[in-house]
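Spelled out, the chains give:
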Amino acid sequence: MNDSAATLPADDATALGLLEDMLRIRRLEEKAAEFYSAGKIRGFLHLYIGEEAVAAGAMRQLQAEDSIFTTYREHGHALLRGMSAATIMTEMFGKVRGCSRGRGGSMHLFDASLRFYGGSAIVAGALPLAVGMALADQMRGRKQASACFFGEGAMAEGASHESLNLAALWNLPVLFLCENNLYAMGTALSRSQVQTAMAERARLYGISSESVDGMDVAAVHDAVGRAAEAVRSTGRPHFVELRTYRFRAHSMFDAELYREKAEIEEWKQRDPIPAYQARLEAAGRLTPDVVEAMQQRADKEMEAAVREADAAPWEPVEDLTRFIYTRNAAHERHEREHAGEHAHDVPRGDTPGAANGLAR
Amino acid sequence: MNDSAATLPADDATALGLLEDMLRIRRLEEKAAEFYSAGKIRGFLHLYIGEEAVAAGAMRQLQAEDSIFTTYREHGHALLRGMSAATIMTEMFGKVRGCSRGRGGSMHLFDASLRFYGGSAIVAGALPLAVGMALADQMRGRKQASACFFGEGAMAEGASHESLNLAALWNLPVLFLCENNLYAMGTALSRSQVQTAMAERARLYGISSESVDGMDVAAVHDAVGRAAEAVRSTGRPHFVELRTYRFRAHSMFDAELYREKAEIEEWKQRDPIPAYQARLEAAGRLTPDVVEAMQQRADKEMEAAVREADAAPWEPVEDLTRFIYTRNAAHERHEREHAGEHAHDVPRGDTPGAANGLAR
Amino acid sequence: MTYREAIRRALRTALHDDRVFLMGEDVGMYGGSYAVSKGLLDEFGPAKIRDTPLSELTFVGAGIGAALGGVRPIVEIMTVNFSLLALDQIVNNAATLRHMCGGQLSVPVVIRLATGAGKQVAAQHSHSFEGWYAHIPGLRILAPATVEDAGGMLLAALDDPDPVLIFEHVMLYNAEGDGPETPQPVDIDHAEVRRAGRDVTIITYGGTLGKAMTAAAELSADGIEAEVIDLRTLRPLDDETFLASVRRTHRAVIVDEGWKSGSISAEITARIVEQAFYELDAPVERVCSLETPIPYPRHLEQAVLPQVPAIVDAARRTMQADV
Amino acid sequence: MTYREAIRRALRTALHDDRVFLMGEDVGMYGGSYAVSKGLLDEFGPAKIRDTPLSELTFVGAGIGAALGGVRPIVEIMTVNFSLLALDQIVNNAATLRHMCGGQLSVPVVIRLATGAGKQVAAQHSHSFEGWYAHIPGLRILAPATVEDAGGMLLAALDDPDPVLIFEHVMLYNAEGDGPETPQPVDIDHAEVRRAGRDVTIITYGGTLGKAMTAAAELSADGIEAEVIDLRTLRPLDDETFLASVRRTHRAVIVDEGWKSGSISAEITARIVEQAFYELDAPVERVCSLETPIPYPRHLEQAVLPQVPAIVDAARRTMQADV
Ligand SMILES: Cc1ncc(C[n+]2csc(CCOP(=O)(O)OP(=O)(O)O)c2C)c(N)n1
Ligand SMILES: Cc1ncc(C[n+]2csc(CCOP(=O)(O)OP(=O)(O)O)c2C)c(N)n1
Ligand SMILES: [Mg+2]
Ligand SMILES: [Mg+2]
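Predicted model only: the values in this text are computed from it and were never measured. (Residues numbered from 1 in each chain as written. Chains lettered and ligands numbered in written order. Predicted model: local features only at pLDDT ≥ 70, side-chain atom pairs only at ≥ 80, totals over all residues. Heavy atoms only, no water.)

Description of the overall build of chain A
Cut-off, in case you're wondering: Runs of H or I in DSSP of at least four residues are treated as helices and runs of E of at least two as strands, each being numbered from the N terminus. Note on exposure labels: buried denotes an accessible area under 20% of the residue type's maximum, exposed denotes more than 50%, and partly exposed covers the range between, all computed with a 1.4 Å probe on protein chains only. Residue contacts are counted whenever heavy atoms from the two residues lie within 4.5 Å of one another.
Helices and strands together make up the secondary structure of chain A, namely 12 helices and 8 strands. Taking all 360 residues of chain A together, 65% fall into the buried category. Pairs at least 24 apart in sequence give 75% of the contacts found in chain A among residues at least 6 apart.

Pasting the structure below:
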């Protein structure tokens with residue numbers, strides 16, 4: 001654990017890119033909050049404001065062939081994975097052109113073509129999936145990382161123990177990314193887990209583990225880069241704890257009775273965006289006009305996203321029962337009765353595209 | 001971890017009692033095996049032969065007001081808790097005079113009056129129960145230990161992580177007794193868990209933890225005695241790993257394909273009974289005739305148990321639906337319709353005895 | 001008074017008993033994810049209002065163990081969706097222990113769960129499993145549909161020596177209704193006739209009672225008088241009440257938010273057929289949820305759920321049937 | 001060939017596919033708790049035959065994740081009893097992902113589970129939950145009752161792009177029957193008429209098919225010809241086959257090892273009532289397990305389970321009924 005500020009990335013594309021990534025997430029989340037209030041987004045909405053350095057630093061280090069699993073607080077991750085703000089916003093609006101046809105909403109952003117396997121709304125529910133994806137990669141000789149983002153709250157669940165053990169036991173290329181924002185809803189880490197050092201937990205399973213200042217995007221970028229590379233080259237699991245803080249309520253329903261305003265204010269002093277911007281400026285690598293341009297681009301992007309989302313159509317009710325089963329048994333039965341075929345010979349129905357990389 | 005032989009208990013009652021306890025378990029198990037082969041015991045039967053030093057050393061240290069939770073491999077624990085061999089054997093025969101009316105069989109020996117809360121057949125399934133019992137004790141100001149025996153296999157389950165965490169977090173008086181016999185059915189510990197040092201696992205949660213030679217009854221007696229006392233005096237959880245080995249198959253169905261005969265033979269050299277007997281003899285505290293007398297008593301006890309079990313009646317089929325619910329709603333409805341009473345005023349039905357210590 | 005307030009009042013009453021405590025995720029400092037237990041931590045302190053870690057399997061199991069130890073835990077599982085993680089403890093311990101040990105023990109644990117869809121929280125957060133749970137012998141399954149039952153069932157459950165699961169429908173927490181000033185336990189063995197009628201029996205519970213009542217009002221405008229039965233207790237099922245009604249009306253419609261196949265509506269149909277077959281003037285009708293994971297957008301979510309027009313149509317069909 | 005051998009042969013055939021592997025507790029060195037996979041570790045090695053730790057939730061979830069990753073896991077959950085620990089992954093991920101992501105993914109995982117009572121292993125080890133699982137949309141639930149189906153369904157399940165759960169009844173592993181020399185996938189969409197008959201339809205599956213056939217033989221001696229239908233696939237349920245039969249016989253008896261209330265027998269009753277009410281000449285009869293945890297002693301265990309005399313009696317009752 002070392003909190004002295006990490007070295008800035010050498011190349012400007014990365015160094016400035018990280019800032020823009022954070023700005024884009026912030027702007028996306030602010031728009032989401034705005035349109036939640038306007039009633040266009042409903043259900044649960046979990047904002048990532050304050051935690052942008054984590055996704056920004058990490059996502060840039062994940063390659064196209066790596067796989068990604070996240071929680072319900074995943075809008076930023078999806079955006080930086082390459083999903084358009086429009087597809088994300090459209091999903092949050094519940095429209096059929098959203099990345100999950102609008103069926104998932106803010107907690108379930110998916111894009112199989114980007115190997116983005118969704119936001120999962122069961123705490124720790126994606127950990128076993130990521131372990132399994134890594135197993136598939138191992139079996140198929142793919143030298144890629146299966147990256148799983150999860151909150152420190154997930155580390156209380158039995159699934160975290162089982163998943164760490166299995167990944168370590170079978171030498172699976174899982175990249176565990178623990179977003180420790182100190183709270184699980186209203187429950188402070190120290191009120192729910194005896195062992196609050198997440199990296200220690202992982203180390204007990206012989207998993208190389210590191211704890212990083214998650215408010216420092218350069219530090220995250222550096223640490224996750226090393227860890228991801230290590231996963232790919234060794235085929236073994238690695239664990240990174242990213243110490244961060246959410247500035248907003250857990251979800252839009254949360255009255256925040258469980259923490260002091262002062263604590264939030266203190267953390268806001270460490271807002272990852274201005275902090276990093278200042279460092280870039282101090283290093284003479286950023287001028288205000290560049291930031292201004294970034295901000296304008298982000299504004300435009302998110303406004304366009306909202307317009308697109310708002311204009312997009314709803315999924316027709318008749319389509320509701322599509323995609324429960326891949327094979328359509330009724331249709332198939334009909335076919336067979338008319339053609340004397342066997343069930344297992346029949347074409348598979350309505351999968352759009354080569355879903356699971358089965359063909360890769 | 002210290003395997004040099006532990007000091008023998010100073011008083012002869014204890015020192016010799018430990019030997020007799022082990023002999024009784026061994027004899028009970030041998031009889032059970034015999035009557036399994038004879039078809040009188042059916043279903044699963046998990047023998048404790050080879051592991052006797054664990055139950056013998058531990059059970060003597062548990063007080064009447066402590067609570068006990070065990071696995072399906074619990075005949076020895078039940079016997080030393082004070083359940084008669086006859087009630088145990090009768091249960092294994094499935095007869096109504098067995099400790100669980102014959103309904104549970106070998107895996108589910110219960111005696112609420114002895115605070116023996118059963119064999120549990122779901123691996124790790126009793127851990128949360130023991131934690132809850134400790135919580136009840138804490139809330140009621142009872143300074144007792146809630147002791148839970150479980151195999152090292154249970155430590156792979158998510159429930160073990162959650163239970164260790166919760167017990168430590170809430171300072172609950174749980175005595176975790178991990179019977180590490182190196183195998184979970186056919187799965188060697190090192191093939192299923194990365195962290196094979198069970199005591200280390202517990203320590204991570206800040207739980208005082210010790211690993212003991214489970215083939216040395218004096219060592220077990222000493223360690224569990226200290227741990228149990230510490231639980232009672234501090235109200236905090238303690239963990240003891242008991243390193244042991246089962247000489248027989250996992251259950252009567254097991255062909256033992258997964259371990260070498262030589263390994264078993266090697267462990268048999270460390271059979272806890274002759275080893276301890278030899279130590280007592282070397283210390284001049286035991287003569288062969290005393291052992292002989294113990295053995296004869298055990299033989300007689302177990303033979304009488306079998307006779308009693310064999311002669312005992314079956315539960316009548318009509319009683320099958322008793323004890324599903326405590327209140328008998330149908331009966332009660334009838335009563336109310338005839339007496340205008342309210343549901344919650346009605347007496348509780350057919351509980352035999354003050355079950356859960358609700359009245360204590 | 002709201003459904004939420006009624007539960008909170010009942011909690012408060014219950015918590016004055018030394019043996020009673022509440023535990024669950026975020027029941028304390030957060031105030032409960034549906035704000036049911038708001039304020040109780042201040043009032044009763046952290047020994048009685050216990051925030052648990054995210055460990056459903058273990059804190060539910062610990063509730064069972066604590067019940068064995070002579071206290072009376074109220075375990076809140078934030079929503080039924082997360083209860084699947086704890087199902088082993090509920091089925092293999094809570095429901096089973098008493099019978100398996102020959103009656104020596106009972107397990108007086110009360111488990112409260114928020115259930116149901118309607119809040120647009122999508123497929124992993126919108127299950128209605130109360131009817132599914134009703135398959136398990138040894139459990140008592142309650143589904144309060146009214147403000148009175150919301151509080152009263154909790155108190156009655158605490159009086160019950162066996163494990164009781166109370167499913168509180170998320171769409172009801174803000175519902176207003178009459179409740180007693182001083183919370184009182186209510187009967188938890190019987191169904192209740194919520195509206196008398198002679199023509200057709202509508203059988204429902206929990207979150208869909210309101211829809212059934214609305215449907216009955218609409219039908220009444222057309223001269224069809226529906227009797228509406230609120231099952232209240234899904235296990236053990238009080239079949240006498242609905243059978244008596246069906247024997248009078250000769251027609252039955254079951255409304256259930258569970259997925260149709262294997263929902264409790266199937267069990268009710270079977271019992272009617274087994275015990276009142278010759279009294280039926282029409283096939284039993286079921287209005288249930290469409291068999292698909294619950295989608296996020298409102299129009300789709302509502303399309304999945306049982307709705308008033310479907311209930312009205314089903315009732316009408318039974319009236320047109322011809323034996 | 002036995003049921004066990006048929007499954008082993010099918011496994012062997014399947015494992016020649018590069019993408020297919022088997023994982024579960026003690027499937028390797030131990031040889032499988034019911035000896036189904038005995039010998040396969042030697043033949044295929046530890047990368048294909050994977051012994052897992054005691055971590056049901058995670059290895060089942062890992063099977064789902066691996067299926068997303070383009071391989072074809074066969075996950076063995078030693079028995080259905082332990083599957084409750086993994087239910088969250090099965091319901092909230094396997095069954096749900098495809099719909100929730102708008103059809104981008106499918107989850108071709110096959111989960112095998114031993115099910116049922118009869119081995120005197122008492123309350124925590126004797127569940128019959130296949131009918132209960134059939135409530136969940138997105139899952140395909142198979143219950144092979146014959147040697148041919150035992151192997152053939154496994155191969156068909158592997159061809160299926162969606163999650164398939166195969167419930168193998170513990171009392172059938174030693175059953176002898178005909179199976180093809182070279183394992184072949186079988187149809188997994190339809191029920192099968194196992195015995196033709198004109199008088200009454202007996203509907204069953206899995207472990208109780210044999211009892212139904214014996215009952216039919218007894219009835220035949222009395223001149224009652226029962227048609228016996230093996231459901232085979234419990235979800236999606238092929239109701240056409242049993243409805244067609246009931247429309248001919250006008251009488252139905254359902255035999256199901258699940259606890260009666262909320263068992264799949266209730267769903268079948270409901271579908272018959274909904275779709276063939278006017279064809280029925282008698283109330284639908286159900287022969288299910290008594291609603292109690294399963295006790296250890298043989299006489300009690302057998303008293304809980306559906307038995308031939310009860311099936312015969314139920315069928316006779318349908319013949320005596322009078323509409
Ligand atoms: C198994 C489960 N239990 C409870 C919940 C309700 N819940 C949703 S988010 C959350 C807090 C999770 O905290 P953490 O893992 O730290 O992630 P964060 O929200 O802080 O990013 C809880 C309790 C859930 N979704 N899943
Ligand atoms: C949750 C669960 N999974 C699987 C099983 C099957 N099973 C019974 S005993 C056993 C091995 C347990 O090993 P361990 O905990 O070390 O105890 P031991 O038998 O060695 O005393 C297994 C896998 C079970 N009973 N429960
Ligand atoms: Mg958190
Ligand atoms: Mg072991």
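Now that the structure is up, let's keep going.
With respect to the coordination of the magnesium ion (ligand 4)
Residue and element names in this part refer to chain B. To keep things clear, this is the line we draw: Counted as donors are N, O and S atoms no farther than 2.8 Å from the metal, or 3.2 Å for Na, K and Ca; water is not among the atoms, and sites may therefore look incomplete.
For the magnesium ion (ligand 4), every protein donor is listed as Glu152 (OE), Asn181 (OD1) and Tyr183 (O), and the spread of their distances is 2.0 to 2.2 Å. Within one chain, the residues serving as donors to the magnesium ion (ligand 4) are arranged as E-x28-N-x1-Y. With respect to burial, Asn181 and Tyr183 carry one shared label: buried.

Thoughts on the site of ligand 2
What counts is decided by this rule: Whether a residue is near a molecule or strand is decided by its heavy atoms; if any one of them lies within 4 Å of it, the residue is near. Between N or O atoms, a polar contact is any pair within 3.5 Å; within protein, one atom must be a potential hydrogen donor and the other a potential acceptor, and residues adjacent in sequence are included only when both atoms are from side chains. Throughout, the Shrake-Rupley method with a 1.4 Å probe supplies accessible areas, and for residues the shown protein chains are the sole cover considered. Amino acids are sorted into nonpolar (Ala, Val, Leu, Ile, Met, Phe, Trp, Tyr, Cys and Pro), charged (Asp, Glu, Lys and Arg) and polar (every other residue, Gly among them).
Around ligand 2 sit 22 residues, and of these Tyr72, Arg73, Ala121 and Asn181 of chain B together with Glu56 of chain D come closest. Surrounding ligand 2 is a set of residues that belongs to chains B and D. Residue Val123 of chain B places a main-chain N or O atom 3.0 Å away from a nitrogen atom belonging to ligand 2. Isolated, ligand 2 exposes 580 Å² of accessible area, and the fraction of that covered by the protein chains is 97%. Along the lines of polarity and charge, the residues of the shell around ligand 2 split into 12 nonpolar, 5 polar and 5 charged.

Some details on the interface of chain B and chain C
The following threshold applies: Accessible surface is computed with a 1.4 Å probe, and the buried area is the amount of it that two parts give up when combined, taken over both parts together. In what follows, salt bridge is the name for a side-chain nitrogen of Lys or Arg lying within 4 Å of a carboxyl oxygen of Asp or Glu.
Facing the 50 residues of chain B at the interface are 57 residues of chain C. Across the chain B to chain C interface the summed buried area is about 4,500 Å²; carbon plus sulfur atoms make up 59%. For the interface between chain B and chain C, the tally reads 2 salt bridges. Arg327 of chain B is paired through a salt bridge with Asp189 of chain C; the nearest N and O atoms lie 2.9 Å apart. Viewed at the interface, chain C and chain B are joined by 20 residue pairs in polar contact (both at pLDDT 80 or more). Counting residues per element, the ones that place at least two in the side of chain B that touches chain C are α5 (127-139), α6 (158-169) and α12 (329-339) of chain B.

Points about the packing of α5 of chain B against helix α3 (residues 56-68) of chain C
The angle between the axes and the distance between the axes are what describe a pair of packed helices. To be explicit about the condition: To get an axis, fit a line to the C-alpha atoms, keeping to the stretch in contact for a helix; angles then go from 0 to 180 degrees between the N-to-C directions. Any angle that falls under 35 degrees is termed roughly parallel, while one over 145 is termed roughly antiparallel, one within 65 to 115 roughly perpendicular, and all others oblique. Crossing chirality is assigned from the near helix's rotation relative to the far helix, an anticlockwise turn below a right angle marking it left-handed and a clockwise turn marking it right-handed.
The contact between α5 of chain B and α3 of chain C brings their axes to 6 Å, and the two run at 55 degrees. By the angle between their directions, the pair α5 of chain B and α3 of chain C is classed as oblique. Relative to α3 of chain C, the crossing made by α5 of chain B is right-handed. Judged by residue contacts, Pro128, Leu129, Val131, Gly132, Met133 and Ala136 of chain B of α5 of chain B engage Leu57, Thr58, Gly61, Ala62, Ile64, Gly65, Ala66 and Leu68 of chain C from α3 of chain C. A class-by-class count of the residues in the contact of α5 of chain B with α3 of chain C yields 10 nonpolar, 4 polar and no charged.

Overview of the pattern of salt bridges
Under the definition given, this model contains 98 salt bridges over all chains. Of the charged contacts, one joins Arg24 of chain A and Glu301 of chain A as a salt bridge, the two residues approaching to 2.6 Å between their closest N and O atoms. Here Arg24 of chain A, found in helix α1 (residues 12-37), pairs with Glu301 of chain A, found in helix α11 (residues 288-311); they are 277 residues apart in sequence, far enough to count as distant. For Arg24 of chain A, a relative accessible area of 18% corresponds to the buried category. For Glu301 of chain A, a relative accessible area of 24% puts it in the partly exposed group. Between Asp17 of chain D and Arg19 of chain D there is a salt bridge, and its shortest N-O distance comes to 3.3 Å. For Asp17 of chain D, a relative accessible area of 30% translates into the label partly exposed. Salt bridges sharing common partners tie together Arg101, Arg103, Glu315, Asp319 and Arg322 of chain A.

Brief notes about the site of ligand 1
Looking at ligand 1, there are 22 residues lining it, with Tyr72, Arg73, Ala121 and Tyr183 of chain A together with Glu56 of chain C nearest. The site occupied by ligand 1 is bordered by residues of chains A and C. A distance of 2.8 Å separates an oxygen atom of ligand 1 from a polar side-chain atom of Tyr72 of chain A. Asn181 of chain A places a side-chain nitrogen or oxygen 2.8 Å from an oxygen atom of ligand 1. Within the complex, the protein chains bury 97% of what would otherwise be the 580 Å² of accessible surface of ligand 1. Tallied by class, residues from the shell around ligand 1 come to 12 nonpolar, 5 polar and 5 charged.

Quick look at helix α11 (residues 264-276) of chain D
Convention followed: By definition here, a helix of n residues has an expected span of 1.5 Å times n minus one.
With 13 residues, α11 of chain D should reach 18 Å at 1.5 Å per residue; the first-to-last C-alpha distance of 18 Å fits that figure. Restricting attention to buried positions, one finds in α11 of chain D the residues Ile264, Ser265, Ala266, Glu267, Ile268, Thr269, Ala270, Arg271, Ile272, Val273 and Ala276 of chain D.

Regarding the interface of chain A and chain D
The interface is formed by 50 residues belonging to chain A together with 58 residues belonging to chain D. Summed over both sides, the interface between chain A and chain D buries roughly 4,500 Å², with carbon and sulfur atoms accounting for 59% of that surface. Along the contact surface separating chain A from chain D lie 2 salt bridges. For the salt bridge of Asp160 of chain D with Arg327 of chain A, the shortest nitrogen-to-oxygen distance reads 2.9 Å. Viewed at the interface, chain D and chain A are joined by 20 residue pairs in polar contact (both at pLDDT 80 or more). Elements with a minimum of two residues in the side of chain A that touches chain D: α5 (127-139), α6 (158-169) and α12 (329-339) of chain A. Broken down by element, the residue count for the side of chain A that touches chain D peaks at 9 residues, all from α5 of chain A.

So, the coordination of the magnesium ion (ligand 3)
All names here are of chain A. At this site the magnesium ion (ligand 3) is bound by Glu152 (OE), Asn181 (OD1) and Tyr183 (O), with donor distances of 2.0 to 2.2 Å. Between the donor residues of the magnesium ion (ligand 3), the gaps in sequence give the motif E-x28-N-x1-Y. With Glu152 in the loop between β3 (146-151) and α6 and Tyr183 in strand β5 (residues 183-184), this pair connects stretches of sequence that are 31 residues apart. Of the two residues examined, Glu152 and Tyr183, each falls in the buried class.

Considering the pairing of strand β8 (residues 200-204) of chain D
All names here are of chain D. Spelled out, the test is: Two strands are said to pair when DSSP picks up at least two bridges between them. Whether a crossover is right-handed depends on one test, that the path from the first strand over the helix to the second runs clockwise when the strands point away from the viewer.
A large share of β8 lies buried, amounting to 5 of its 5 residues. Here β8 shows two buried faces, one formed by Val200, Ile202 and Thr204 and the other by Thr201 and Ile203. The pairing of β8 with strand β9 (residues 226-230) spans 5 bridges and is parallel. Residue pairing in the sheet places Val200 in a bridge with Ala226 of β9. Chirality of the crossover, the property in question, places the unit of β8, helix α9 (residues 209-221) and β9 among those that are right-handed.

Points about the nonpolar core
Going by this rule: Only buried residues count toward a nonpolar core. Its members are Ala, Val, Leu, Ile, Met, Phe, Trp, Tyr and Cys residues joined through side-chain atoms within 4.5 Å.
Within the largest apolar cluster, 224 residues are counted, with the highest numbers of intra-cluster contacts made by Ile272 of chain C together with Ile272 of chain D. Ignoring anything within four residues of it in the chain, the contact list for Ile272 of chain D reads Ile203, Phe242, Leu243, Val246, Ala252, Phe277, Leu280 and Val284 of chain D.

Digging into the packing of helix α1 (residues 12-37) of chain B against helix α4 (residues 85-92) of chain B
Residue and element names in this part refer to chain B. The interhelical angle for the contact between α1 and α4, taken along N-to-C directions, is 25 degrees, at an axis separation of 11 Å. In terms of axis orientation, α1 runs roughly parallel to α4. For the crossing formed where α1 meets α4, the hand is right-handed. For the pair α1 and α4, contact is made by Leu28, Lys31 and Ala32 and by Ile88, Met89 and Met92, respectively. Partitioning the contact of α1 with α4 into residue classes produces 5 nonpolar, no polar and 1 charged.

Quick notes on the confidence of the model for chain A
Fine structural detail should not be taken from predicted coordinates in areas where pLDDT scores are low. Inclusion rule: As a per-residue measure, pLDDT tells how confident the predictor is, with possible values from 0 to 100.
For chain A, per-residue confidence averages 91 on the pLDDT scale, and 90% of positions sit at 70 or higher. Low pLDDT (under 50) marks residues 331-360 of chain A, which in the prediction has 59 contacts with non-local residues, meaning those over four places away or in another chain.

Looking at the sheet that holds strand β11 (residues 252-259) of chain C
Residue and element names in this part refer to chain C. The 5 strands lie next to each other as β7-β9-β8-β11-β12, forming an open sheet whose pairing is mixed. The open sheet has two edge strands, β7 (192-195) and β12 (285-289), and neither has a second partner. Each strand axis lies, on average, 25 degrees off the axis of its neighbour in the sheet, ignoring direction. This element, helix α11 (residues 264-276), spans β8 (200-204), β11 and β12 of the sheet and lies at about 155 degrees to β11. Sitting on the sheet, helix α13 (residues 308-320) is in contact with β8, β11 and β12, with an inclination near 165 degrees to β12.

Here's the deal with the confidence of the model for chain C
Confidence along chain C averages 97 in pLDDT terms, with 99% of residues attaining 70 or more. Our summary of model confidence lists the complex with pTM equal to 0.96 and ipTM equal to 0.96.

Focus on the sheet that holds strand β10 (residues 233-235) of chain C
Residue and element names in this part refer to chain C. The sheet built from 7 strands is open, its strands ordered β2-β1-β3-β4-β6-β5-β10 with mixed pairing. Bordering the open sheet on either side are β2 (49-51) and β10, each of which pairs with just one other strand. With direction set aside, neighbouring strand axes in the sheet form an average angle of 20 degrees. Sheet topology places strand β1 (residues 20-24) next to strand β3 (residues 72-79); 5 bridges connect them, and they run parallel. Pairing of Met23 across the sheet is with Val75, part of β3. Helix-sheet contacts for helix α1 (residues 3-15) involve β1, β2, β3, β4 (110-115) and β6 (164-169), and the interaxial angle to β1 is about 130 degrees.

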